[in-house]
Protein chains: 2
Amino acid sequence: MKGKELLRSRSVLPIGTVMKLTNLTARQIRYYEEQELVLPDRSEGNRRLYSLNDIDRLLEVKDYLDDGINMAGIKEIYRQRRQKQASKRHEENKPLTDSDLRRILHDEFMNLGGLDTPDQQSFRTHNPLM
Amino acid sequence: MKGKELLRSRSVLPIGTVMKLTNLTARQIRYYEEQELVLPDRSEGNRRLYSLNDIDRLLEVKDYLDDGINMAGIKEIYRQRRQKQASKRHEENKPLTDSDLRRILHDEFMNLGGLDTPDQQSFRTHNPLM
DNA sequence: TAGCCATGTTAGAAAACATAACATGAAACT
DNA sequence: AGTTTCATGTTATGTTTTCTAACATGGCTA
């Protein structure tokens with residue numbers, strides 16, 4: 001299950017593709033980034049490059065907005081989710097492997113930990129790629 | 001195993017990304033297309049859009065070239081592979097389901113049938129995304 | 001030696017994307 | 001009611017990426 005993660009987290013999609021895949025406008029996508037809800041990579045020439053995980057995130061943000069939750073609320077949701085995962089790791093006192101560490105560095109922001117939460121299942125439901 | 005196919009065959013990658021992923025130059029990628037070994041989609045604005053399957057194909061073409069096989073040879077290889085798959089379907093007289101038909105329409109060119117051939121496993125070996 | 005093959009390089013045009021600023025309708029607040 | 005704020009639309013201007021087409025070239029091969 002390592003290759004799939006690589007695939008999902010590899011930043012390869014330009015914003016135009018993301019627009020089609022998510023049905024969001026460039027304005028929306030950039031605004032969510034401004035709000036630090038998605039942090040795409042950049043090409044050498046400064047073009048945004050998105051991963052499949054980014055797309056999941058964008059779709060989830062949009063879902064929350066459609067549910068009437070505002071940016072502040074969404075940010076809080078992600079804050080808590082990160083928090084929960086951190087403490088979960090602590091409780092279980094899991095010894096962290098090297099690759100765990102690498103994942104955490106990346107996930108700390110992405111907030112897509114190893115355990116498949118119900119929320120993430122709902123991502124998939126909305127993901128046009130799956 | 002349906003979603004994965006969709007993901008693999010979805011044309012979403014611009015040539016710049018493909019260059020990085022395959023280590024091929026734009027010239028090479030376009031030349032292989034000229035030789036009809038990869039047939040990327042096009043955006044409305046005529047930009048090439050590649051799928052993961054396309055990337056597999058590009059890498060395989062390159063491997064063959066590195067092995068000293070020339071374009072004519074590579075084309076012949078794919079011709080025969082298509083042929084074999086077609087006749088295999090015929091021999092087994094498999095009744096084709098609707099989704100089979102859809103796949104075939106797409107695969108007839110892509111030459112990535114339902115059965116995981118040894119060759120395709122070798123694709124994966126070389127695929128930087130997996 | 002002459003030609004072909006796979007690829008490099010260059011030029012010019014068009015598409016896609018970036019940032020920034022201003023505009024706006026719907027909510028929320030005072 | 002009037003005023004802010006929020007999420008998004010729109011427009012302008014500049015840069016990056018990609019496109020096609022043409023010419024160049026080193027290594028094989030007839």
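Residues numbered from 1 in each chain as written. Chains lettered and ligands numbered in written order. Predicted model: local features only at pLDDT ≥ 70, side-chain atom pairs only at ≥ 80, totals over all residues. Heavy atoms only, no water.

1. Quick look at the interface of chain A and chain B
Turning to step 1, where the next piece is worked out: The interface of chain A with chain B comprises 15 residues on the first partner and 15 residues on the second.
Turning to step 2, where the next piece is worked out: When chain A packs against chain B, the two sides together hide about 1400 Å² of surface, and 69% of this comes from carbon and sulfur.
Turning to step 3, where the next piece is worked out: Counting across the chain A and chain B interface gives zero salt bridges.
Turning to step 4, where the next piece is worked out: Counting across the chain A and chain B interface gives two residue pairs in polar contact (both at pLDDT 80 or more).
Turning to step 5, where the next piece is worked out: Contributing elements (two or more residues each) for the side of chain A that touches chain B: α1 (2-9) and α2 (15-22) of chain A.
Turning to step 6, where the next piece is worked out: Classifying every residue of the side of chain A that touches chain B by side-chain character gives 11 nonpolar, two polar and two charged. (Contact = heavy atoms within 4.5 Å. Buried area = accessible area lost by both parts, 1.4 Å probe. Salt bridge = Lys/Arg side-chain N within 4 Å of Asp/Glu carboxyl O. Polar contact = N/O pair within 3.5 Å; in protein donor to acceptor, adjacent residues only side chain to side chain. Helix = DSSP H or I, 4+ residues; strand = E, 2+ residues; numbered from the N terminus. Nonpolar A, V, L, I, M, F, W, Y, C, P; charged D, E, K, R; others polar.)

2. Some remarks on the packing of α2 of chain A against helix α3 (residues 26-34) of chain A
Residues and elements named next belong to chain A.
Turning to step 1, where the next piece is worked out: Put simply, α2 and α3 touch, their axes get as near as 9 Å, and they point 105° apart. Taken together, the axis directions place α2 and α3 in an arrangement best described as roughly perpendicular. Residues Ile15, Val18, Met19 and Thr22 of α2 pack against Ala26, Ile29 and Arg30 of α3.
Turning to step 2, where the next piece is worked out: Across the contact of α2 with α3, the residue classes break down as five nonpolar, one polar and one charged. (Axes fitted to C-alpha atoms, helices over the stretch in contact; angles between N-to-C directions. Parallel < 35°, antiparallel > 145°, perpendicular 65-115°, else oblique.)

3. Here we look at the packing of α3 of chain A against helix α4 (residues 52-66) of chain A
Two quantities define a packed helix pair, namely the angle between the axes and the distance from one axis to the other.
Residues and elements named next belong to chain A.
Turning to step 1, where the next piece is worked out: One way to put it is that α3 packs onto α4 with a least axis distance of 11 Å and a crossing angle of 95°. Judged on the interaxial angle alone, α4 and α3 are roughly perpendicular. Packed against α3, whose contacting residues are Gln28, Ile29 and Tyr32, the element α4 presents Leu58, Val61, Lys62 and Leu65 at the interface.
Turning to step 2, where the next piece is worked out: Here the contact of α3 with α4 is built from residues that sort into five nonpolar, one polar and one charged.

4. Some details on the protein's contact with DNA strand C
Turning to step 1, where the next piece is worked out: Taken together, 19 residues form the shell around DNA strand C, and within it Arg47 and Arg48 of chain A together with Thr25, Arg27 and Met71 of chain B come nearest.
Turning to step 2, where the next piece is worked out: Within 4 Å of the protein, the contacting atoms of DNA strand C are 69% sugar and phosphate, with bases supplying the remainder.
Turning to step 3, where the next piece is worked out: Arginine 47 of chain B places a side-chain nitrogen or oxygen 3.3 Å from a base nitrogen of DNA strand C.
Turning to step 4, where the next piece is worked out: At the level of secondary structure, the elements contributing two or more residues to the surface near DNA strand C comprise α2 of chain A together with α3 (26-34) of chain B.
Turning to step 5, where the next piece is worked out: Ranked by residue count, the leading element in the surface near DNA strand C is α3 of chain B, at four residues.
Turning to step 6, where the next piece is worked out: Classifying every residue of the surface near DNA strand C gives six nonpolar, seven polar and six charged. (Near = heavy atom within 4 Å.)

5. Section: the packing of aromatic side chains
Residue and element names in this part refer to chain A.
Turning to step 1, where the next piece is worked out: Taken as a whole and judged by the stated rule, the model has four aromatic pairs over all chains.
Turning to step 2, where the next piece is worked out: With 6.5 Å between their ring centres and 55° between their planes, tyrosine 31 and tyrosine 32 make a pair best called tilted.
Turning to step 3, where the next piece is worked out: On the basis of relative accessible area, tyrosine 31 is assigned to the partly exposed category, the value being 32%.
Turning to step 4, where the next piece is worked out: Residue tyrosine 32 is classed as buried on the basis of its relative accessible area of 3%.
Turning to step 5, where the next piece is worked out: The ring of tyrosine 78 is capped by arginine 57, whose NZ or CZ atom sits 3.6 Å from the centre of that ring. (Phe/Tyr/Trp six-rings, centres within 6.5 Å; stacked < 30°, edge-to-face > 60°. Buried < 20%, exposed > 50% of the residue type's maximum accessible area, 1.4 Å probe, protein only. Lys NZ or Arg CZ within 6 Å of the ring centre and 35° of its normal.)

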